[in-house]
Amino acid sequence: MGGETDGVLDFVTVTVADLRLALPLPAVRAVIRLPELVRIPLGPPSLDGLAHWHGDAVPVLDLAGALGRPGGAAPTRETRVVLVGHRSQMGGQTGGQTVGLRVDAMAGILRSNPDRIDPVTQEEGGLDPAMLDGLLRDGPATILKLDALIDRQFGDPAEMARTDRGSASAAAGFGPVPAGGTGAVGGSKAGIDRQALLVFEVAGQEFALPVDRVREVLPAPREVTRMARSKAHLLGVMAVRDRLLPLVGLRALFGLEEAGGHESSGLAAGRRVVVVRSGGGQAPVGVLVDEVREILRIDPALIDPVPPLLAREPEFEDLDGIARADGGADGAAGGGRRLVSVLSAERLFRHGAAIGAEGGAEAGAAEVGGQGDGMEPARPADGPDGTGGAGECFVVFRLAGAEYGLPVSAVREVLRRPDSITPLPNAPDFVAGVLTLRGEVLPLIDQRRLLKLPAADSRSGLSGTGPAGLERGRVVVVGRDGLLVGLLVDGLSGLLTVPVERIGPAPAVSAAQRRLIRRVASLDVAGDVAGAARLILLMDADSLLDMDRLADLPVTPR
């Protein structure tokens, strides 16, 4: 029951709606203010979302809703989250899972003798006696049976275990897919080994880098340490996980600077930094871009060298070629309606080295003048083989305000959402229709419908017909062994390499969620002193390709 000291039991007491409840003190791990929450789909109605606590993703329940009281009340200054230990091996974790209970306020800590606790013989305040452990006379307060309460919300742990055993993959989906891949997108039908390119936009123009040279994509920092007397496109350095990343601006490099504008101004206004991985032990380099657009797989024959007349100009030395991309998901291969400039990673490294050299010179001058210790040189963040060290690489996309990830090996490409989708009669509700991708029919899964998330607001621009200038949805193409599906998502965040120690099992809030979302990545937010975290829900690629199992997902009614 409670924590016992010399026969006395200890409880943490809280208020929820019109109830005064007691929680056994040994089960309480911490009491915190309401943190920022990330919504996790396919959970019970009482689930508020996931919170970051000491490196773990913790599910947070609205305790009022879990007890059958009207939930969802607006938080106040008194709102708290009580973190308790649950005995079930949720999410594959042994030793118990931490669960948060959102309460209206803390009442205090209460000590009581066992003879001052009355048994529950009938409903107390409209509560189910199966979730109660007794009545404290000294409170007065009702003692909650935490394990019974949490099990009722999240489902039978035995059913979770059966779900785990029923899936072919428990973690990262299927194994690595060759660069050309299998199936129509990879080009096995035509014997084409396609090149994967990450496409981004700068000042309305499209540029690209090979996916295998991209380490991750980060939000642009609010401030950049600028080097004195450096060239305009050498923006300076930014801090990334206690390391210094040289930052190159493409606007100035290619003469795309807005009139009177400065590349380094307004960096936090939605811009991104594409981190280019080194191939030989060099420190990575960041490229400041306006927007990450898509991942394209293209026939290398459609990547032409820079025309000789232009190749003699200094600014074109930074290009490896020009890709003749098609017009989108429904375009014909080789249509050439889009021209994408493919950047040279090697040239970008030389620019990064120039920032480091100028920074070192400036630091030396400062030291001579006795005005500082100079700038610490950037330390290589990649492993010796250029793989980014011990980590996994994911394609990260946005959906209903949360971020989701799929292993890069599972993703064939990422496309802009087409203007029209052909409906598919008698298909499951979550199948939005089909589209033609280079002569092959691709079924499209509406991720919002599949995950029982709210429909996109028609004003958001996600439908492809919304107002101009707003974010347009994307299609994430997932494939294996000739099987292909397209996932309709809100937008693309980019690529991200996550250290293995920052990836853990996702809390199992339902059997349906456990089948689709098995892991979660928990990352610190760069430059945030308040300890905020970025939680990314990692989806199981195999499960997304199994239409029969998707149609049979057991979903908790909301």
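Structure: above.
Before going into details, it helps to say that this report is about the structure given with it. (Residues numbered from 1 in each chain as written. Predicted model: local features only at pLDDT ≥ 70, side-chain atom pairs only at ≥ 80, totals over all residues. Heavy atoms only, no water.)

1. Structural notes on the sheet that holds strand 4 (residues 28-33)
Here comes step 1: A sheet is described by the order of its strands in space; here 5 strands give the open sequence 4-7-8-6-5, paired in mixed fashion. At either end of the open sheet lies a strand with only one pairing partner, and these are strand 4 and strand 5 (47-53). Strand after strand, the sheet turns through a mean of 30° between neighbouring axes, direction not considered.
Here comes step 2: One ladder, built from 7 bridges, connects strand 7 (residues 80-86) with strand 8 (residues 97-103); its direction is antiparallel. The residue of strand 8 that forms the bridge with glycine 85 is threonine 98.
Here comes step 3: Each of strand 5, strand 6 (56-62), strand 7 and strand 8 is contacted by helix 2 (residues 146-154), which is oriented at about 95° to strand 7, the strand it contacts most. (Pairing = 2+ DSSP bridges. Helix = DSSP H or I, 4+ residues; strand = E, 2+ residues; numbered from the N terminus. Axes fitted to C-alpha atoms, helices over the stretch in contact; angles between N-to-C directions. Contact = heavy atoms within 4.5 Å.)

2. A look at the pattern of salt bridges
Here comes step 1: According to the stated counting rule, one finds 24 salt bridges in the structure shown.
Here comes step 2: A salt bridge links arginine 519 to glutamate 392; the shortest N-O distance between them is 3.0 Å. Separated by 127 residues along the polypeptide, arginine 519 in strand 33 (residues 517-524) and glutamate 392 in strand 24 (residues 391-399) bring together distant segments of the chain.
Here comes step 3: Of the residues examined, arginine 519 reaches a relative accessible area of 10% and is grouped as buried.
Here comes step 4: A residue is classified by how much of its surface remains accessible, and glutamate 392, at 25% relative accessible area, is partly exposed.
Here comes step 5: Here the salt bridges share partners, and the residues they tie into one network are Glu201, Glu206, Arg293, Glu294, Arg338 and Arg416. (Salt bridge = Lys/Arg side-chain N within 4 Å of Asp/Glu carboxyl O. Buried < 20%, exposed > 50% of the residue type's maximum accessible area, 1.4 Å probe, protein only.)

3. Side note on the environment of threonine 79
Here comes step 1: Mapped onto the fold, threonine 79 is located in the loop between helix 1 (63-66) and strand 7.
Here comes step 2: For threonine 79 and valine 103, which are 24 residues apart along the polypeptide, the C-alpha to C-alpha distance reads 6.0 Å.
Here comes step 3: Not counting the four nearest positions on each side in its chain, threonine 79 is found in contact with Arg33, Leu34, Arg102, Val103 and Asp104.

4. Some details on unusual backbone geometry
Here comes step 1: You will see that leucine 42, though not glycine, has its phi angle at about 65°, which is positive.
Here comes step 2: Within the secondary structure layout, leucine 42 lies in the loop between strand 4 and strand 5.
Here comes step 3: Exposure remark for leucine 42: the relative accessible area of 4% places this residue in the buried category.
Here comes step 4: A positive phi angle is found at lysine 452, which is not glycine, with a value near 60°.

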